[in-house]
Amino acid sequence: MNNKHQSTTVMDSILYRDAFGTSEMRDIFSDFSLIRRYVEVETALARAEAKCGVIPADAAQKITELADIEKLDYDLLRQETDIVGYPILPLVHQLVKQCGEAGRYIHWGATTQDIMDTAVVLQVRDGLEVIERDINELRRILTSLTERYKDTIMAGRTHLQHALPITFGHKTSIWLAMFDRHSERIKQLRPRVLTGEFAGAAGTLASLDNKGLEVQKALMDELGLGVPQSTWHVARDGFAEALNFLGLVTGTMGKIAYDVMIMASNEFGEVFEPFVTGRGASSTMPQKRNPISSELMLASAKGVRQHAGLMLDSMIQDFERATGPWHTEWIAIPESFVLTAGALKQAKFMLGGLIVDEDRMRKNLDITNGLIVAEAVMMGLAPYTGRQQAHDIVYAACRTVNEKGGSLSEALADVPEVTAHLKREEINELTNPANYLGVTSEMIEHTLAYSKKQGF
């Protein structure tokens, strides 16, 4: 292999890049796109300053016309960036040459971080649009699953043990509700996160005298970004919020993936990822059908979680310009967006074609011979004996089933303290899992109505 294939991470790996990301999101956060955003901010700044009378209008026009990323010498840009430590000064050198006489007005009154921060905000804006689109597509998929399986009874589990009966639609409605909240969050965070940065060397815009705030607003208008409340060179809560939002989104996908992986195990056999010939195959065990999408979702969630923590750590910055924490964002932001996009792609594939075995769910529900509705019997007996005594009576009956076999209804029918108050038909009704779903149906309908009202 030659050097052009010298990738080192799953983000750009020729093997893994489509497992852990998408071409669309990689394009948004690619080097080329980032440099294009740098140039976009520099030219927008020139136009904004011309509107405010800071630089000549013809100079701004020339800068906009002549600044051309296609004509940049990228090898030189890389070499000078390695020397300077930042790409903006080397970029400005080349843009000045491209723009001739007008080039003297490029980067007027700005500082490197103004350009870099604002360019990243533009990337984040595009990235959030993709994330929102995929969240809404997942909401549609989960709505369909919830409606289809709202009456499919199965075992609810706590501490990996049978707890009480639920329906599969109840489970998926909980997944749906999480994504509904993510849909709300992304709308709420946009005004806080999508604000540009233009504040000058120490955040005071001193180089523009009394025109600073006027230019700042004009620049944000040019770029379609919000005007910052104040300088945020070292106030990084906006980017930290964005990445912790991605941590929440991927955390939800990790939870779903965990559920699906366990439910797909041979001992459960309740759901399976969509069948594609060869997917999840083992190199040595022909029978294997590994839950690949779920595994990738869980791995991505763990990766984004680490970056979310890194962003919180990078908020701790010194004075008016940081001495290093800022640089960690260059690592965390692109990788988190790519990983999130990859996880969403896997989730859409997996949930969109999820295979649900309703018969196996019912079979698993019955493997404890009625013990899953022990609480129902306790609550049915409690009005006659008191809650604690009812608990002890049913507990003893459960022990009998566990030690001697048989069903809970049979064991209860042999207990005088039970038959003194309940007929056999009543015992059978109390031990029927379908009769102990509580307000599951109402909860599901409430979630579906809320989600539809929120819109896609």
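Attention in this report is confined to the structure presented alongside it. (Residues numbered from 1 in each chain as written. Predicted model: local features only at pLDDT ≥ 70, side-chain atom pairs only at ≥ 80, totals over all residues. Heavy atoms only, no water.)

### Here's the deal with the packing of aromatic side chains
Put simply, the rule reads: Centre distance within 6.5 Å is the pairing criterion for rings of Phe, Tyr and Trp, where only the six-membered ring of Trp is used; planes under 30 degrees apart are then read as stacked, over 60 as edge-to-face, and the remainder as tilted. Buried means the residue's accessible area, taken with a 1.4 Å probe over protein chains only, is under 20% of the maximum for its type, while exposed means over 50%, and partly exposed covers the values in between.
A complete count under the given rule lists nine aromatic pairs for this structure. Plain terms: the ring middles of Trp-232 and Phe-239 are 5.4 Å apart, the flat faces sit at 90 degrees to each other, and that makes the pair edge-to-face. By the burial criterion, Trp-232 is buried, and Phe-239 matches it. Between Trp-326 and Trp-330 the ring centres are 5.2 Å apart and the planes differ by 80 degrees, which places this aromatic pair in the edge-to-face class.

### Considerations on the layout of surface pockets
The condition is simple: Cavity and pocket criteria rest on a 1 Å grid covering protein atoms alone: a 1.4 Å probe that fits but cannot get out defines a cavity, protein on both sides within 12 Å along at least 5 of 7 lines defines an open pocket, and an atom within 4 Å of a point defines a lining residue. Grid points are joined across faces, edges and corners, and a volume is the space filled by probe spheres set on the points. Each helix is a run of DSSP H or I of at least 4 residues and each strand a run of E of at least 2, with the numbering of both proceeding from the N terminus. Each residue is assigned to one of three groups, with Ala, Val, Leu, Ile, Met, Phe, Trp, Tyr, Cys and Pro labelled nonpolar, Asp, Glu, Lys and Arg labelled charged, and all others, Gly among them, labelled polar.
Quantified by volume, the largest pocket comes out at close to 740 Å³. Lining of the largest pocket is provided by 25 residues; of these, Asp-31, Leu-34, Tyr-38, Thr-81 and Pro-87 occupy positions nearest its centre. Elements supplying a minimum of two residues to the lining of the largest pocket: α2 (31-51), α4 (74-84), α6 (112-148) and α11 (325-352). The element best represented in the lining of the largest pocket is α4, accounting for six residues. A breakdown of the residues in the lining of the largest pocket according to their chemical character gives 14 nonpolar, four polar and seven charged.

### Observations regarding unusual backbone geometry
Although it is not a glycine, Leu-205 sits at a positive phi angle of roughly 55 degrees. The backbone of Asn-369 sits at a positive phi, close to 55 degrees, despite the residue not being glycine. You can see Asn-369 is positioned in the loop between α12 (358-365) and α13 (374-385). A relative accessible area of 38% means that Asn-369 is categorised as partly exposed.

### A short note on the side chain of Ser-13
Note the threshold: Nitrogen and oxygen atoms within 3.5 Å of one another constitute a polar contact, given that in protein one can donate a hydrogen and the other can accept it, and given that sequence-neighbouring residues count only through two side-chain atoms.
By the element assignment, Ser-13 lies in the segment before α1 (23-28). At a separation of 2.9 Å, a polar atom in the side chain of Ser-13 contacts the main-chain amide nitrogen of Leu-15. Only 3.1 Å separates the side chain of Ser-13 from the backbone nitrogen of Tyr-16, close enough to count as a polar contact.

### Looking at the pairing of strand β2 (residues 161-167)
What counts is decided by this rule: Strands pair, by our definition, only if DSSP identifies at least two bridges between them.
As judged from the five bridges shared by strand β1 (residues 153-158) and β2, these two strands associate in the antiparallel manner. Note on β2: the bridge partner recorded for Thr-158 is Gln-161. Counting the residues in the hairpin turn of β1 and β2 gives two residues, including His-159, whose phi is positive at 55 degrees.

### Regarding α6
Worth spelling out the cut-off: A helix is expected to reach a length of 1.5 Å times the quantity of its residues less one.
Here α6 contains 37 residues, and its C-alpha end-to-end distance of 54 Å stays within 8% of the 54 Å for a straight helix at 1.5 Å per residue. In terms of burial, α6 is largely enclosed, as 29 of its 37 residues are buried.

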